[in-house]
Amino acid sequence: VQLQASGGGLVQAGESLRLSCAASGRSFTSYHMGWFRQAPGKEREFVARITWSGSSTAYADSVKGRFTISRDNNRNMVYLQMNSLKPEDTAVYYCATQRIGLANYDSWGQGTLVTVSS
């Protein structure tokens with residue numbers, strides 16, 4: 001599976017952005033999907049995850065209640081709706097696949113930069 005993330009940009013604190021991740025290939029429903037982010041000088045961290053069917057989601061505490069992950073299996077797309085953005089959300093955001101039954105994320109998109117100004 002190849003992934004292409006998009007939708008990043010420069011916004012002010014309190015504003016919203018929606019990130020998109022397009023997946024190529026025929027087996028999109030073989031994967032749970034995750035979003036991660038990496039801020040300058042920091043390690044990559046988990047942001048959100050959605051199961052293959054979309055029936056279950058999980059979030060990092062830092063984004064819970066502000067971010068929403070969703071997917072459209074008909075279009076091989078996964079989204080991250082980000083509301084009430086804060087300067088500390090500034091990072092490169094990556095989408096990734098997690099094959100059902102495995103723990104690791106094995107395919108990564110190229111990342112999209114989100115910058116939140118105060």
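See the structure printed just above.
Scoring rules and cut-offs
- Position labels on residues start from 1 in each chain and follow its written sequence.
- Selection of residues for local features in this predicted model requires a pLDDT of at least 70, selection of side-chain atom pairs for listing and counting requires 80 or more, and totals for whole chains, interfaces and linings are taken over all residues.
- For side-chain calculations, the full set of non-hydrogen atoms in the structure is used, while hydrogens and water are omitted.
- Where helices and strands are cited, they refer to DSSP runs of H or I of at least four residues and of E of at least two residues respectively, numbered from the N terminus.
- Burial classes follow relative accessibility: with a 1.4 Å probe on protein chains only, a residue under 20% of its type's maximum area counts as buried, one over 50% as exposed, and anything between as partly exposed.
- Pairing of N or O atoms within 3.5 Å defines a polar contact, subject to two protein rules: one partner must be a possible hydrogen donor and the other a possible acceptor, and residues neighboring in sequence count only if both atoms are side-chain atoms.
- In what follows, residue pairs with any heavy atoms lying within 4.5 Å of each other are defined as contacts.
- Sulfur atoms of two cysteines make up a disulfide when they are within 2.5 Å.
- Here, the term nonpolar core denotes a set of buried Ala, Val, Leu, Ile, Met, Phe, Trp, Tyr and Cys residues that are joined through side-chain atoms within 4.5 Å.
- The salt bridge criterion pairs a side-chain nitrogen of Lys or Arg with a carboxyl oxygen of Asp or Glu, the two atoms within 4 Å.

Participant: Where do I start with the side chain of Thr-112 in this structure?
Facilitator: Along the chain, Thr-112 turns up in strand S11 (residues 112–117). A relative accessible area of 10% places Thr-112 in the buried class. At 3.0 Å, the side chain of Thr-112 forms a polar contact with the backbone nitrogen of Gly-8. Thr-112 has contacts with Ala-5, Ser-6, Gly-7, Gly-8, Leu-19, Ala-91, Val-92 and Tyr-93, leaving out every residue within four places of it along the chain.

Participant: Can you walk me through the state of the cysteines in this structure?
Facilitator: Each disulfide consists of one covalent bond between the sulfur atoms belonging to two cysteines. All chains considered together, the criterion is met by one disulfide. What pairs with Cys-21 in a disulfide is Cys-95, and their sulfur atoms sit 2.1 Å apart. The sign of the 65° torsion about the S-S bond sets the Cys-21-Cys-95 disulfide as right-handed. Highlighted residues: Cys-21 in strand S3 (residues 17–23) and Cys-95 in strand S9 (residues 91–99), separated in sequence by 74 residues. Cys-95 carries the same exposure label as Cys-21, and that label is buried.

Participant: Which parts of the structure should I look at to understand the nonpolar core?
Facilitator: Among soluble globular proteins, nonpolar side chains are generally buried collectively. By size, the foremost hydrophobic cluster in this structure holds 29 residues, and its most contacted members are Trp-35, Leu-80, Met-82 and Tyr-93. Residue assignment for this core shows that the elements contributing at least two residues are strand S1 (3–6), S3, strand S4 (31–38), strand S5 (45–50), strand S7 (67–72), strand S8 (77–82), S9 and S11. Counting residues per element, this core draws most heavily on S3, which supplies four residues. Tyr-93 has contacts with Ala-5, Leu-19, Trp-35, Phe-36, Arg-37, Val-47, Phe-67, Leu-80, Met-82, Gly-111, Thr-112 and Val-114, leaving out every residue within four places of it along the chain.

Participant: Just checking my understanding: could you explain the pattern of salt bridges for this structure?
Facilitator: Two side chains of opposite charge can pair, provided their charged atoms sit close to one another. Evaluation of the coordinates by the stated rule reveals five salt bridges. Between Asp-89 and Arg-37 there is a salt bridge; the shortest N-O distance is 2.9 Å. Within this pair, whereas Asp-89 is found in the loop between S8 and S9, its partner Arg-37 is found in strand S4, the two being separated by 52 residues in sequence. In terms of burial, Asp-89 and Arg-37 fall into one category: buried. Ionic pairing is found between Lys-64 and Asp-61, a salt bridge with its closest N-O pair at 3.1 Å. For Asp-61, a relative accessible area of 64% puts it in the exposed group. Counted as one network, the salt bridges with shared partners bring together Arg-37, Glu-45, Arg-66 and Asp-89.

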